[in-house]
Amino acid sequence: EPEVTQTPSHQVTQMGQEVILRCVPISNHLYFYWYRQILGQKVEFLVSFYNNEISEKSEIFDDQFSVERPDGSNFTLKIRSTKLEDSAMYFCASRQGLNQPQHFGDGTRLSIL
Amino acid sequence: AQTVTQSQPEMSVQEAETVTLSCTYDTSESDYYLFWYKQPPSRQMILVIRQEAYKQQNATENRFSVNFQKAAKSFSLKISDSQLGDAAMYFCAYMSGYGNKLVFGAGTILRVKS
């Protein structure tokens, strides 16, 4: 069964550094998402992406965040200047159509030191 | 804004028994979808079951079934014949029929005793 793939599984970064989290959505999916889960808390929506542009973003997704689909397969989340509070599990998800469920990757654990 | 509430932070069930996880939600919309996701210790998010709001029939997937009460805005998950592999965090989630994102509840930790 096709899967959403995320790399790396764990990223450790110094505060203030830039980090890029990578995702390969399921190949025929058209809608892409990033979610965040701070340890012990609920999963929170960050951003959705469709047709090469952001379709919705949350208040968490401020100017330090950006997303990109640089080619036909990858979907990236960039955090420009990381803060301690960015430490979390970041999940990528994709879905084929509006009435289809979202499929999640295994997540990237981001640790900011 | 839509909200999802899971009032049980933790539940326990004996292996082979049945357990029900509760979820309520708040929305003014008539078109929406509801989901249960499972998150085992490995941290991946696995879709367990989905329910379309326009369908009166409760969704079923093998040992997993839901009790969808639209008027009460309740969406509980029943796990029958519980197995050790069912131990995980379970999240209830809402998605608007007009929107895009999933709104998650706080989750319920399910422990399965052998």
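Not measured: the values here are computed from a predicted model.

Draft legend 1. Representation of the overall build of chain A. Along the backbone of chain A there are zero helices and eleven strands. Once the C-alpha set of chain A is aligned to its principal axes, its extents read approximately 40 × 25 × 25 Å. Relative to its full complement of 113 residues, chain A shows a buried share of 47%. Within chain A, residue pairs in contact and separated by at least 24 positions form 54% of the contacts whose partners lie at least 6 positions apart. As displayed, chain A offers around 5,700 Å² of accessible surface, 45% of which is attributable to carbon and sulfur atoms. Each charge class in chain A can be summarised by its mean position, and for the 10 positive and 14 negative side chains these summaries are 2 Å apart.

Draft legend 2. Seen up close, the environment of Met45 of chain B. Assignment of secondary structure puts Met45 of chain B in the loop between β5 (32-39) and β6 (46-52). According to the relative accessible area criterion, Met45 of chain B is buried, its value standing at 4%. Sequence-wise, Met45 of chain B and Tyr90 of chain B are 45 residues apart; in three dimensions their C-alpha atoms are separated by 9.2 Å. If sequence neighbours within four positions are ignored, Met45 of chain B has contacts with Val43, Phe91, Phe104 and Gly105 of chain A together with Tyr37, Lys38, Gln39, Phe91 and Phe104 of chain B.

Draft legend 3. Broad picture of the sheet that holds strand β8 (residues 75-79) of chain A. Residues and elements named next belong to chain A. Read across the sheet, four strands follow the order β1-β3-β8-β7 without closing on themselves; strand pairing throughout is antiparallel. The open sheet has two edge strands, β1 (5-7) and β7 (65-68), and neither has a second partner. Sheet twist, expressed as the mean angle between neighbouring strand axes with direction ignored, is 20°. Judged from the four bridges that link them, β7 and β8 form a sheet pairing that is antiparallel. Counted as the bridge partner of Phe65 is Ile79 from β8.

Criteria and thresholds
- Residues numbered from 1 in each chain as written.
- Chains lettered and ligands numbered in written order.
- Predicted model: local features only at pLDDT ≥ 70, side-chain atom pairs only at ≥ 80, totals over all residues.
- Heavy atoms only, no water.
- Helix = DSSP H or I, 4+ residues; strand = E, 2+ residues; numbered from the N terminus.
- Buried < 20%, exposed > 50% of the residue type's maximum accessible area, 1.4 Å probe, protein only.
- Contact = heavy atoms within 4.5 Å.
- Areas by Shrake-Rupley, 256 points an atom, 1.4 Å probe, with all protein chains shown as cover.
- Lys, Arg positive; Asp, Glu negative; His and termini not counted.
- Charge placed at Lys NZ, Arg CZ, Asp CG, Glu CD.
- Pairing = 2+ DSSP bridges.
- Axes fitted to C-alpha atoms, helices over the stretch in contact; angles between N-to-C directions.

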